[in-house]
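Coordinate inspection notes
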Amino acid sequence: MDKVSISVSVNGRTRRADVPPRLLLSDFIRHTLALPGTHVGCEHGVCGACNVIVDGRAVRSCLMFAVQADGCELTTVEGLGSADGLHPIQQAFWEEHGLQCGFCTPGMLMAAHELLQGNPDPTDEEIREAISGNLCRCTGYTHIIEAIRSAAAKLREASVDTVRPAAAA
Amino acid sequence: MSSHLDSNVIPPSRQREAPGNGTKWIGKSIKRVEDPRFLAGKGKYIDDYTVPNMAQAATVRSPHAHARIKSIDTAKAKALPGVIGVFTGQDIATVVDPCPSFASPPVPQNACAIERVRHVGEVVAAVVAEDRYIAEDAADLVEVEYEMLPPNVDIEASAAATGDAILHPEARDSNVALDESFSFGPVEDDFARADHVVRRRLRWGRASAQAIETAGCLSEFDPVSGGFTIHCNTNFYNFIPFVIAGSLRVSPTQLKMMPIMTGGSFGSKVFIHKIIILTSALARLTNQPVKYIEDREEHFTNSDSHGSDRLYDAELALTRDGEMLSFRFDVMDDYGAYLQFGVGTHGNAMAQVTGPYKIGSFAMRVMAVLTNKCQQGPYRGFGSEVTNWVIERMVDAAAKELGIDPVELRLKNMIQPDEFPYMIPTGNIYDSGNFQEVYRQAAELIDYDAWKAKAATMRSEGRCVGVGIATCQERSVYGPTEWWFLNNVETPGFTLTSTPEGISLRIDPTGKVFVTLNSVFVGNSPETVVTQVLAEQLTVDPADIVVGYADTHSGFNGVGPQGSRFTAMVAGACVSASIKVKDKLKTFASHLLEANPADLELRDAKVGVKGSDKEVAIADIAIQANFFRLNFPDTPEFDSGLETTAVYDHPISAEPAPDRSHLGIFYPMVGHICHIAVVEVDPATGKVEILDYAAVHDNGTIVNPKTLGGQVFGGTANGIGSTLTEEFVYDENGQFTNANFAEFALPSVHEMPANLKLGHVETPSPYTEYGIKGGGEGGRLGAPSALSSAIDDALQAYGIETKSLPVRPVKLRGMIREAEMRDAAE
């Protein structure tokens, strides 16, 4: 299979690679770029663990090929914040116990990020709608809803979204 | 009066830390110390590991439920560029032996099938290739010829099957792998004197935990040592070398298991034996490190963790005024094609099979039936979720038949707060409790009486709204006798009686406390628990405690997070280690302060003289004890270092009677839960909506209210799924028709009640340190009963009784349609 050259902006850095056309975006992120924060739960587009932000929208990276991301701007969980400099959404998940095993968490964070970009003061119903495409087996979702509510308040207070990169359109 | 329980003596308590209100860190909702790395995407789960020269594996899986393998042609697959090797079950059997089995007598099982496949998804060949994509391409090129055998799908039919339908003809001439009967106390007499016997046939359907992360393994064979280094997300990593070494033809010490953080387990990743054996065989055959990660379909169809799948014929004997006398049942359990763990899930249920009620005797017949489905394994509750549901269904049925209010009937029969420790007919004890208070708080939290009235009004307006209640036990901290005491007494198998938990602890020269655990993280909070207990014990700041995990070569006794045991057990190990290291600190401090060690105490990260302001910081002792040997007398107690190890055994357990007239004490830290649900059923679709929900749990002394709350919420979500949405559907040919997340419906946020009300009662255990009980499974142990009860209440106009779970909308709609047709015919 002939490889295809692609160039993708990932968390503010340009990453170039020659990839097989059938390589899933999730595998490209995890294995080619060695960014393992994006998780694969079902590989059939249901669980949402593999959500990443592509050109401002949260998408399933297991349902895209890497070649389709050529020229796109991606944000993965690694681009949201770091363990010693958590993004307010991550901080809120920590404070409100919005994670247990942590496996669905990157996808949840991406879903929350997309929601709060467009809606800084969501109702609980809007929060529920926003994460309804993400499965969590640990939490029963209660603390995740509380975390996103708290994150919204933090972000409103800060009034400046500190998310790198400019990708978040 | 003599009793079958006379020989079952409760040992004295070994509790050293009494529960109290003066704790600084225990009972506080500190943020989890585990979280920052997981939030930042640095969790290091199994698929995040790579090693040099690593190859990837994919499997060829059986499309048939039951068939003979006539031939396997691997030529085309082997010819594909990038393929390193293609191996059949026979190839794999040249380097590994059959899987270990806790069943006795064992049901033989291979990690890769030989000669016969026994369920859809069973591995018949494996490919190792440069990458997973090529491995999967090659797997598609393997040609397997099958000769069909009759599939066994129905539990009763399989139990009666003969001839070609027998799954393991080389081992037994029946598909019943175990059939044992037990009687505890005067069951016959109690039934003879009963005024009323309630009888029900109850069915609990098949599903599994389906954590969002699947199982996987990375195995490296070292020809120099002759052993393996194994990365695997098994929860049992410190124990499993002793279980699987024989299969891998090495000694346990030649297996180095690495501790791997796990993306959810709920029991499903306790063992993962097939994957470890298969991957290790491939690593040995290719002489190359091999990684194999299940995809979701493999996890559905070939895991070792399908949940209970049971048919009960149950009887509850009562007096006419509602005193419960005796309980008995025959249960058949569809274990699938293999019996890896024996009937441990039924052993588990013996811990609390009579519920919170004073029922004087109990009997059962348990039959383990083999069918052409994937095998069973643990799932949150380990079988007790089913018996909780059975006893609560029987109590609701009794209330209806005797015309007694279901709450009144429960309260009438409940064990009273002054009756603990309470020994149930099977021999297990309930350590402590206040069931009445748990009920009272739940009823208050949801305003039970108001909802009962409101639901009645809504029903009178034509809506199907109902209120249901469950008062259930939540056993915690298991002893391993449950795995084998239901086996035939002549062939009990490996009669293990230890489930210890160990830690090592050292204080480094800067005064930081380094702790190493021997159990992994599965989404619970091992590092946070240990931090809170040690901060309490050593009076240090939680930020000065660093927690890590040992591999099996550097570690020692640890059993892991199962059976709601870890928090109570590791707290015990922390107390043991603290006693030892505090002695050392006091010894060094006594010299530095010129004081008697007996006059010293720990306070605010210092060691000081009681009643005096003379004190020295732990950090100052630490630098002296680690770096300045000559500052101390030349006697062994001042040897350098502040380190210790500690192993904590199960705090209170006792062996089963040799004749199994009782089962001993094996699961004695028993919490209590009361769930109250309000539901509305749409009779046109069978959809159940939860309008309101309250869950009150008593898990003894709470270490961290926030994380315990998380366990209750998550367990309740599992219970909602088990009741309303989650069912593995095998058709009449044994095809697994919904093995994906689109058709097997885990609850999404929309299935959860919007306002789940949580409450806690704290009745400390008299046996564990600080009085802690486990609380990892409780939600799933209560929700199915409360929801079933609420559905019945909502559909009382139709005379519908929930006797089979789950009640997915299609099933409930069918029951409603049947009732409508029956009513129309009358």
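About the criteria used
- As a convention, each chain's residues are numbered from 1 in the sequence order in which they are written.
- Each chain takes a letter, starting from A, and each ligand takes a number, starting from 1, following the order in which they are written.
- Local features in a predicted model are, by the rule used here, given only for residues with pLDDT of at least 70; side-chain atom pairs are given and counted only at 80 or more, and totals for whole chains, interfaces and linings are based on all residues.
- In this description a helix means any DSSP run of H or I spanning at least four residues, a strand means any run of E spanning at least two, and both kinds are numbered starting from the N terminus.
- Throughout, the radius of gyration refers to the C-alpha atoms, and the reference size of a globule is 2.2 Å times the residue count to the power 0.38.
- Residues with at least 20 other C-beta atoms within 10 Å of their own are called buried, those with 12 or fewer are called exposed, and the rest are partly exposed. The C-beta atoms themselves are positioned from the backbone.
- If DSSP finds at least two bridges between two strands, the strands pair.
- Orientation is described by lines fitted to C-alpha atoms, with helices fitted over the stretch in contact, and by angles between N-to-C directions that extend from 0 to 180 degrees.
- Two residues form a contact once the distance between their C-beta atoms, set from the backbone, is within 7 Å.
- Definition of nonpolar core: a set of buried Ala, Val, Leu, Ile, Met, Phe, Trp, Tyr and Cys residues joined via C-beta atoms within 7 Å.
- Expected span of a helix, by definition, is 1.5 Å for each gap between consecutive residues, and there is one gap fewer than residues.
- In this scheme, roughly parallel covers angles under 35 degrees and roughly antiparallel covers those over 145, while 65 to 115 is roughly perpendicular and the rest are oblique.
- Each helix crossing is assigned a hand: it is left-handed if the near helix lies turned anticlockwise from the far helix by less than a right angle, otherwise right-handed if that turn is clockwise.
- Polar here means any residue other than Ala, Val, Leu, Ile, Met, Phe, Trp, Tyr, Cys and Pro, which are nonpolar, and Asp, Glu, Lys and Arg, which are charged; Gly is therefore polar.
- pLDDT gives the predictor's per-residue confidence on a scale running from 0 to 100.

A few words on the overall build of chain B. Looking only at helices and strands, chain B has 20 helices and 29 strands in total. The globule rule puts the C-alpha radius of gyration for 826 residues at 28 Å, and the 28 Å found for chain B is close to it. C-alpha extents for chain B along the principal axes are approximately 95 × 75 × 50 Å. Relative to its 826 residues, chain B shows a buried fraction of 61%.

So, on to the sheet that holds strand β18 (residues 464–476) of chain B. Residue and element names in this part refer to chain B. As summarised here, the arrangement of the four strands in space is β18-β26-β27-β28, forming an open sheet in which the pairing is mixed. Strands with a single pairing partner mark the edges of an open sheet, and in this sheet they are β18 and β28 (756–761). On average, adjacent strands in this sheet sit at an angle of 20° to one another, irrespective of strand direction. On the sheet, helix α19 (residues 778–794) packs against β18, β26 (669–682) and β27 (687–698) and is oriented at approximately 155° with respect to β18.

Residue and element names in this part refer to chain B. By size, the foremost hydrophobic cluster in this structure holds 323 residues, and its most contacted members are Val127, Leu278 and Val679. When residues of this core are assigned to their parent elements, the largest contribution, 14 residues, is made by helix α16 (residues 566–593). Discounting residues that sit within four places of it in the chain, Leu278 has contacts with Ile92, Ala111, Cys112, Val123, Ala126 and Tyr292.

Quick look at helix α8 (residues 273–286) of chain B now. Residues and elements named next belong to chain B. When the terminal C-alpha atoms of α8 are compared, their 20 Å separation across 14 residues agrees well with the 20 Å that a helix rising 1.5 Å per residue should span. Buried residues dominate α8, accounting for 13 of its 14 residues. Phi turns positive, to about 55°, at Asn287, one or two residues after α8.

Residues and elements named next belong to chain B. Strands sit in the order β22-β23-β24 across an open sheet of three strands; the sheet is antiparallel. A single partner strand is all that each edge strand has here, and the edge strands are β22 (600–603) and β24 (615–617). Averaged over all adjacent pairs, the angle separating strand axes in this sheet is 25°, with direction ignored. Strands β23 (606–609) and β24 of the sheet are contacted by helix α17 (residues 618–627), whose axis makes an angle of about 70° with β24.

All names here are of chain B. Direction vectors running N to C along helix α7 (residues 240–248) and α8 enclose 40°, while the axes themselves pass 10 Å from each other. Considering the angle they form, α7 stands oblique to α8. The way α7 lies across α8 gives a crossing that is right-handed. Taking contact as the criterion, the partners of Val243, Ile244, Ser247 and Leu248 in α7 are, on α8, His273, Ile276, Ile277 and Ser280. Each residue belonging to the contact of α7 with α8 can be placed in one class, and the counts come to five nonpolar, three polar and no charged.

On the side of chain B, 42 residues touch chain A, which itself brings 41 residues to the contact. Per-element tally for the side of chain A that touches chain B: the top contributor is helix α2 (residues 88–95) of chain A, with four residues.

The next thing to look at is the confidence of the model for chain B. With 100% of its residues at a pLDDT of 70 or more, chain B shows a mean pLDDT of 97. The ipTM value of the predicted complex is 0.97, and its pTM value is 0.97.

All names here are of chain B. As a packed pair, α16 and α17 sit with axes 10 Å apart at the nearest point and diverge in direction by 90°. Here α17 runs roughly perpendicular to α16, going by the angle between their axes. Contact residues: α16 offers Leu585, Phe588, Ala589 and Leu592, while α17 offers Ile618, Ile621, Gln624 and Ala625. Looking at the contact of α16 with α17 residue by residue, the classes come out as seven nonpolar, one polar and no charged.

Our focus in this paragraph is helix α1 (residues 25–32) of chain A. Residues and elements named next belong to chain A. Burial runs high along α1: six of the eight residues are buried. Among the residues making up α1, those that are buried are Leu25, Ser26, Asp27, Phe28, Ile29 and Arg30. Among the structural elements, β2 (13–19) and β3 (51–54) are those in contact with the buried residues of α1. Immediately downstream of α1, the backbone of Ala34 shows phi near 55°, a positive value.

Attention now goes to the confidence of the model for chain A. Mean pLDDT over chain A stands at 94; residues scoring 70 or higher make up 93%. Scored below 50 in pLDDT, residues 164–169 of chain A shows 20 contacts in the model against residues more than four places distant or in partner chains.

All names here are of chain B. Looking along the chain, the bond that leaves Ser104 and enters Pro105 is cis, with omega of 0°. Along the chain, the position of Pro105 falls in the loop between α3 (89–92) and β4 (116–117). Phe420 connects to Pro421 through a cis peptide bond whose omega is -5°. Following the sequence through the fold, Pro421 ends up in the loop between α12 (406–413) and β16 (422–423). Backbone geometry places Lys44, a non-glycine residue, at a positive phi of 55°. As for its placement among the helices and strands, Lys44 is situated in the loop between α1 (35–39) and β1 (55–61). For Phe266, which is not glycine, the phi dihedral falls at a positive 55°. Position of Phe266 among the secondary structure elements: in the loop between β11 (255–258) and α8.

What follows concerns the pairing of strand β3 (residues 83–88) of chain B. Residues in a regular strand point their side chains to alternate faces of the sheet. All names here are of chain B. With respect to burial, β3 is a largely interior element, six of its six residues being buried. Strand direction decides the pairing type here: β3 and strand β5 (residues 123–129), joined by five bridges, are antiparallel. Following the sheet pairing, Phe87 is matched in β5 by Ala126.

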